[in-house]
Amino acid sequence: MPLPVVIADDSLLARKVMTKALPSGWDIEITYATNGREALDACRAGKASVMFLDLTMPDMTGFQVLEAMQQEDLNSSVIVVSADVQPIARERVLALGALEFIAKPVMPETLLPVLKEHGLYD
């Protein structure tokens, strides 16, 4: 059974780049979210065992999504993918339960070690 994965980013280009960075042999089913609210809804629907989450999006920011996930006790392995590389942003997302923070643009050689480190890919 494929692993449910959400890619949440308001930019179509960023969603495409993220999709291309994923390991080719990974058995996953991708759901795309164009804003924070869609990402949260997908998580509530069980479509986000793993979520790649942008921080700057309409409706709800990535920070707000992480806060809501904490409040609702939603279990998902969240990897934040953002151009906001300020140390405070990284600290905040990790404090909110994200596994990792990766700077955009995501490259396969950056992503694969993160997935392996967190037991998400063999």
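Our structure's up above, just so we're on the same page.
Okay, so let's go over this structure. All values reported here derive from a predicted model rather than from experimental measurement.

1. What to know about the overall build of the protein chain
Within the protein chain one finds five helices and five strands. Shown N-terminal to C-terminal, the secondary structure of the protein chain runs as helices and strands in the order β-α-β-α-β-α-β-α-β-α. Relative to the compact-globule value of 14 Å for 122 residues, the protein chain shows a C-alpha radius of gyration of 13 Å, a close match. A burial count over the protein chain gives 44% of its 122 residues as buried. Put simply, 62% of the contacts in the protein chain that link residues at least 6 apart link residues at least 24 apart. For the protein chain, the exposed area adds up to about 6,400 Å²; of that, 52% sits on carbon and sulfur atoms. Averaged over its 10 positive side-chain charges, the protein chain has a centre that lies 5 Å from the centre of its 17 negative ones.

2. Brief notes about the side chain of Ser76
Residue position: Ser76 is located in the loop between α3 (62-71) and β4 (77-82). For Ser76, a relative accessible area of 17% gives the class buried. Non-local contacts of Ser76, meaning those with residues more than four positions away in its chain, are made with Cys43, Ala48, Ser49, Val50, Met51 and Met69.

3. Topic: the sheet that holds strand β2 (residues 28-33)
An order of β2-β1-β3-β4-β5 is seen for the five strands of this open sheet, with the pairing classed as parallel. Edge positions in the open sheet fall to β2 and β5 (100-103), since each of these has one partner strand only. Strand-to-strand twist of the sheet, defined as the mean angle between neighbouring strand axes without regard to direction, takes the value 20°. On top of the sheet, helix α1 (residues 12-21) reaches β1 (3-8), β2, β3 (50-53) and β4; it is set at about 165° to β2, its chief contact. Here helix α5 (residues 108-117) sits on the sheet and contacts β3, β4 and β5; the angle it forms with β5, its principal contact strand, is near 175°.

4. Some thoughts on unusual backbone geometry
Glycine aside, a negative phi is what most residues show, and trans is what most peptide bonds show. Of the consecutive residues Lys104 and Pro105, the connecting peptide bond is found in the cis state with omega at -10°. By secondary structure assignment, the location of Pro105 is in the loop between β5 and α5. Not every positive phi belongs to a glycine, and Asp59 is a case in point at roughly 70°. Mapped onto the secondary structure, Asp59 falls in the loop between β3 and α3. Among the residues examined, Asp59 registers a relative accessible area of 52% and is labelled exposed. Even without glycine at this site, Asp73 takes up a positive phi of about 55°. Mapping Asp73 onto the fold places it in the loop between α3 and β4. In this structure Asp73 comes out as exposed when scored by relative accessible area, which is 61%.

Basis of the calculations
Residues numbered from 1 in each chain as written. Predicted model: local features only at pLDDT ≥ 70, side-chain atom pairs only at ≥ 80, totals over all residues. Heavy atoms only, no water. Helix = DSSP H or I, 4+ residues; strand = E, 2+ residues; numbered from the N terminus. Rg over C-alpha atoms; globule rule 2.2 N^0.38 Å. Buried < 20%, exposed > 50% of the residue type's maximum accessible area, 1.4 Å probe, protein only. Contact = heavy atoms within 4.5 Å. Areas by Shrake-Rupley, 256 points an atom, 1.4 Å probe, with all protein chains shown as cover. Lys, Arg positive; Asp, Glu negative; His and termini not counted. Charge placed at Lys NZ, Arg CZ, Asp CG, Glu CD. Pairing = 2+ DSSP bridges. Axes fitted to C-alpha atoms, helices over the stretch in contact; angles between N-to-C directions.

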